[in-house]
Amino acid sequence: MTGTFSDRGAAAIFSPRAIAIVGASTEPTKTGGRPVHLLRKHGYAGAIYPVNPKVDAVQGLPAFATLDALPEVPDLVLVAVPGAAAVAALEMAAARGVAAAIVLSAGFSESGAEGVALQERVSAIARESGMRIVGPNCLGAVGVRERAIGTFSIALEQEMPKAGGISIVSQSGNIGSAALSMLADSGVGLARFIATGNEADVQASDAIGWLADDAETRVILCCLETCRDGPRLTAALERAYKAGKPVIALKIGTSEAGQKAALSHTGGLAGSDRVFDAVFARYGAVRVHSLEELVEVGAAAEAVGARRIGVQPSAAMVAASGGFGVMMADAASAHGVGVNPLGAEAQARIRAILPLAATGNPVDATAQMSANPDVLEALLDATLADDANTTVCLMLALGMGIPRLRKVFTEALARVTARHADRTLVACIAGPKDAVADLRALGIACFPTIDAAMRGTAALGRIERARHHPAPPVEAIAPAPLPAGTTRNEASAKAALAAAGLPFPQEFTALSADDAARAADELGVPLAMKILSPDIQHKSDIGGVALNVSGADGARAAYDRLIAAAAQHAPKARIDGVLIAPMTAGGTELILGTVTDPTFGPVVMVGLGGVFAEIFKDTALRLAPVSEDQALEMLRGLKAFALLDGARGRKPADVQAAARAVAALSRFAVRHADAVAEIDINPLLVRDAGQGAVALDALIIGRGQHSQEAAE
């Protein structure tokens, strides 16, 4: 085996010296025949061993009856026979000491109980022997420079992709193959391709980790349908992050099942797909939302390399038409890319070149930009030298399709990019394809449309932020048992959370009307009174809340009404009394919560709270725990942050107190992850700056409690 992989299995998959194909077919169009055909067609230099007991030769190569009959132990075995025959081939390969196998055939966990049993045997073979197994039911793998083809994909039917720095990891073979085809068709170079299929052994996570160590790979494109092992994925993403390899992820398939089963507001607002956003955010991966965006951003990231685009990109727009400039500015605004006025010196340089040009931003260079390519070079020099914006976006609508202009434009762009080697130039150019490839070779980020260019610029900014702003280390928190009775009711939940640093007002639990009267006398202010029960979560729905209760007599009467309402509307509910607290008003209401995700563990959420929590769903989500600084970032990311920041004459809120509450809650969730399914604090009332925050309601749902109530 050759290559740069420290993992023996990875080296065998991507750079094998010898490949055996079990189930090799004499017919090049069949699954067992295509790998043989492709290996020979594209010039794989290693040994190819077809295994087929029914024939003497396969596509001009000697055939062997079994793996045991081979003259050497191959590094990689491709399995193209179904079901039980595939398992038998894997057992023989493992016995011979083969480093890796790829099971291309189907008939496993996707096809019923018998297939599930067969796949479990595949997993066991890998576990017991140490042989790495890709699949089953997968499209296999490719090492491009080595021309090591372990796939039957039609993407390689005509030509092999040129060698480059982009690698593709996909659970879906067809999506991964489509990405490979799109990149190759655009002239973008590739390093590796792997489609993991059913993942009986090798998961997409493993492949990401391997590619993080691969010298051939500079950018990793990943398509995920699910995650079977959260810690495995996060470890791989962290490995790529530390290696400086951008991971651009397309996560497809969203599940509403978790939201339907959720018992708290937080559970419904923190759907499982959003947890992937939190995972990607922590480990510097950039999420995209279409196959086209995956390919475009990946190609751009490979092209620009270490050039700067800014962690919060802003762009100077240059176009030969005022209309195009307006469209570019609109798209920039939609995708969070700034459009700052050019500096005085840059504007003066542009006016000296084109006295009639609009020089603010966008720059309307008029038709002179196309008529005189020298003008284009001077314009780009002026805008790239200006530090008012972090990048320059150039509209190349038609010129590159005209041979005369293409030559002079490309030469001008080559000189400009060489003079500004640390700056990124973004181009809107749909073709010709070879012209786009020429520009990418100059380090220019190319996108086919204005919207794609601005969306891609924002994504490149996120990649740069991950590269230059390392995530702070995650606080190590030792697990601890949850105090007995914590999930019993609101009062017990508040007591546990208060001990963890969450702010709550002074409260009393009344077990009788006389208790309520004594609490009213002691507090001496209008009261909020709520029924206390482990079986009633949404108290207002049954008339279990009384507000602005005044005096001892009022408290007695309210106590009796609440107990009667519970008896009428929830006759089977266990009643623990009535919770009494002073009325609290003023400030901005937030919702805080956590969910213990079954794959990734606790996540913490903050958003606009109160009655608006489930209407606007304005929330931020992160893996727990978070620091106070990270909690502040979450708050600043809310659309409603202006309410906390003093909008329309309001006094700024105590966002630092809110951040302390979010961080404290996140630590509590991690500490008690084994026992807690969800936590809901709604509202957290954030007062004016310097006056703190106070939580008015709390719910903790235990893991067993969650399962039982969801079933009901």
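The structure this text deals with has already been given above.
Residues numbered from 1 in each chain as written. Predicted model: local features only at pLDDT ≥ 70, side-chain atom pairs only at ≥ 80, totals over all residues. Heavy atoms only, no water.

Engineer: What am I meant to see in the overall build of the protein here?
Structural biologist: On a plain count of helices and strands, the protein comes out with 26 helices and 29 strands. Taken along its principal axes, the extent of the C-alpha atoms in the protein is 100 × 80 × 35 Å. When each of the 712 residues of the protein is scored for burial, the buried share is 56%. Counting only contacts in the protein whose residues sit at least 6 apart along the sequence, the fraction spanning at least 24 positions is 72%. Total accessible area on the protein is roughly 28,500 Å²; 52% of this is exposed by carbon and sulfur atoms. Side-chain charges of the protein comprise 63 positive and 73 negative groups, with the mean position of each set lying 4 Å from the other. (Helix = DSSP H or I, 4+ residues; strand = E, 2+ residues; numbered from the N terminus. Buried < 20%, exposed > 50% of the residue type's maximum accessible area, 1.4 Å probe, protein only. Contact = heavy atoms within 4.5 Å. Areas by Shrake-Rupley, 256 points an atom, 1.4 Å probe, with all protein chains shown as cover. Lys, Arg positive; Asp, Glu negative; His and termini not counted. Charge placed at Lys NZ, Arg CZ, Asp CG, Glu CD.)

Engineer: What should I look at first to understand the sheet that holds strand 20 (residues 508-510) in this one?
Structural biologist: Within a beta sheet, neighbouring strands are joined by backbone hydrogen bonds and run either parallel or antiparallel to one another. Across the sheet, 4 strands lie side by side as 20-23-21-22; this open sheet has antiparallel pairing. This sheet does not close on itself; its edge strands, each paired only once, are strand 20 and strand 22 (545-549). Each strand of the sheet is rotated relative to its neighbour by a mean of 25°, with strand direction disregarded. Pairing geometry for strand 21 (residues 527-532) and strand 22, over 3 bridges, is antiparallel. In the sheet register, Met529 faces strand 22, and the bridge partner there is Ala546. Each of strand 20, strand 21 and strand 23 (577-582) touches helix 19 (residues 490-499); the most contacted strand, strand 21, lies at about 110° to it. (Pairing = 2+ DSSP bridges. Axes fitted to C-alpha atoms, helices over the stretch in contact; angles between N-to-C directions.)

Engineer: Before we go on, may I ask you to explain the packing of helix 3 (residues 83-96) against helix 4 (residues 113-129) in this structure?
Structural biologist: Pairs of packed helices are described in terms of their axes, by the angle between the two and the distance that separates them. The geometry of helix 3 relative to helix 4 is characterised by a closest axis approach of 10 Å and an angle of 5° between their N-to-C directions. It follows from the interaxial angle that helix 3 and helix 4 lie roughly parallel. Where helix 3 approaches helix 4, its residues Gly83, Ala84, Val87, Leu90, Glu91 and Ala94 are matched on the opposing element by Leu118, Arg121, Val122, Ile125 and Ser129. Its residues assigned to classes, the contact of helix 3 with helix 4 shows 7 nonpolar, 2 polar and 2 charged. (Parallel < 35°, antiparallel > 145°, perpendicular 65-115°, else oblique. Nonpolar A, V, L, I, M, F, W, Y, C, P; charged D, E, K, R; others polar.)

Engineer: Even after reading the chapter, I still don't get the pairing of strand 12 (residues 219-224), so can you show me in this structure?
Structural biologist: Side chains on a regular strand alternate between the two faces of the sheet. For strand 12, the tally of buried residues reaches 6 of 6 residues, placing the bulk of the element in the interior. Residues Val219, Leu221 and Cys223 line one face of strand 12 and the alternating positions Ile220, Cys222 and Leu224 line the opposite face, and both faces are buried. Note: strand 10 (residues 163-170) against strand 12, 5 bridges, orientation parallel. Opposite Val169, over in strand 12, you have Cys222 as the bridge partner. The pairing of strand 12 with strand 13 (residues 247-251) spans 5 bridges and is parallel. When the sheet's bridge partners are listed, Cys223 is paired in strand 13 with Leu250. Tracing the backbone out of strand 12, into helix 7 (residues 230-242) and back to the parallel element strand 13 gives a crossover that is right-handed. (Right-handed = clockwise from strand over helix to strand, strands pointing away.)

Engineer: Would you take a moment to explain the sheet that holds strand 8 (residues 140-143) for this structure?
Structural biologist: In spatial order, the strands read 9-8-11-10-12-13-14; together these 7 strands make up an open sheet with mixed pairing. Pairing within the sheet leaves two strands with one partner each, and these edge strands are strand 9 (148-150) and strand 14 (286-288). Neighbour-to-neighbour, the strand axes of this sheet turn through a mean angle of 15°, independent of strand direction. Note: strand 10 against strand 11 (residues 190-195), 6 bridges, orientation parallel. Paired with Ser170 across the two strands is Ala195, which belongs to strand 11. Packing against the sheet, helix 5 (residues 173-185) makes contact with strand 10, strand 11 and strand 12, and its axis sits at approximately 165° to strand 11.

Engineer: Honestly, the packing of helix 6 (residues 204-212) against helix 7 in this entry has me stumped. Any pointers?
Structural biologist: One can describe the packing of helix 6 onto helix 7 by two numbers: an axis separation of 8 Å at closest approach and a directional angle of 20°. By the angle class used here, helix 6 and helix 7 are roughly parallel. Read as a crossing pair, helix 6 and helix 7 show a hand that is left-handed. On helix 7, the residues that touch Ser205, Asp206, Ile208, Gly209 and Ala212 of helix 6 are Arg232, Leu233, Ala236, Leu237, Arg239 and Ala240. The residue inventory of the contact of helix 6 with helix 7, partitioned by class, reads 6 nonpolar, 2 polar and 3 charged. (Left-handed = near helix turned anticlockwise from the far one by under 90°.)

Engineer: Looking at this model, I keep getting lost on the environment of Ala520. Mind explaining?
Structural biologist: Within the secondary structure layout, Ala520 lies in helix 20 (residues 513-523). Residue class for Ala520 comes out buried when judged on its relative accessible area of 7%. With 34 residues separating them in the primary sequence, Ala520 and Gly554 have C-alpha atoms 8.6 Å apart. Those residues within four positions of Ala520 in sequence are excluded, and the remaining contacts are Leu527, Gly551, Ala552 and Ala555.

Engineer: I would appreciate a short explanation of the pairing of strand 23 in the present structure.
Structural biologist: Strand 23 sits mainly inside the fold: 6 of its 6 residues count as buried. Where strand 20 meets strand 23, 3 bridges bridge the pair, whose relative direction is antiparallel. Residue pairing for strand 23: Ala510 is matched across the bridge by Val578. Taken together, the 6 bridges between strand 21 and strand 23 define a ladder with antiparallel strand orientation. Of the residues in strand 23, the one forming a bridge with Met529 is Ile580.

Engineer: Could you clarify how one ought to interpret the environment of Leu439 in this entry?
Structural biologist: If you trace the backbone, Leu439 turns up in helix 17 (residues 433-441). Judged by its relative accessible area of 0%, Leu439 falls in the buried class. With 91 residues separating them along the chain, Leu439 and Ala348 place their C-alpha atoms 28 Å apart. Residues within four places of Leu439 in sequence aside, it is in contact with Leu396, Met400, Leu413, Ile429, Ile444 and Cys446.

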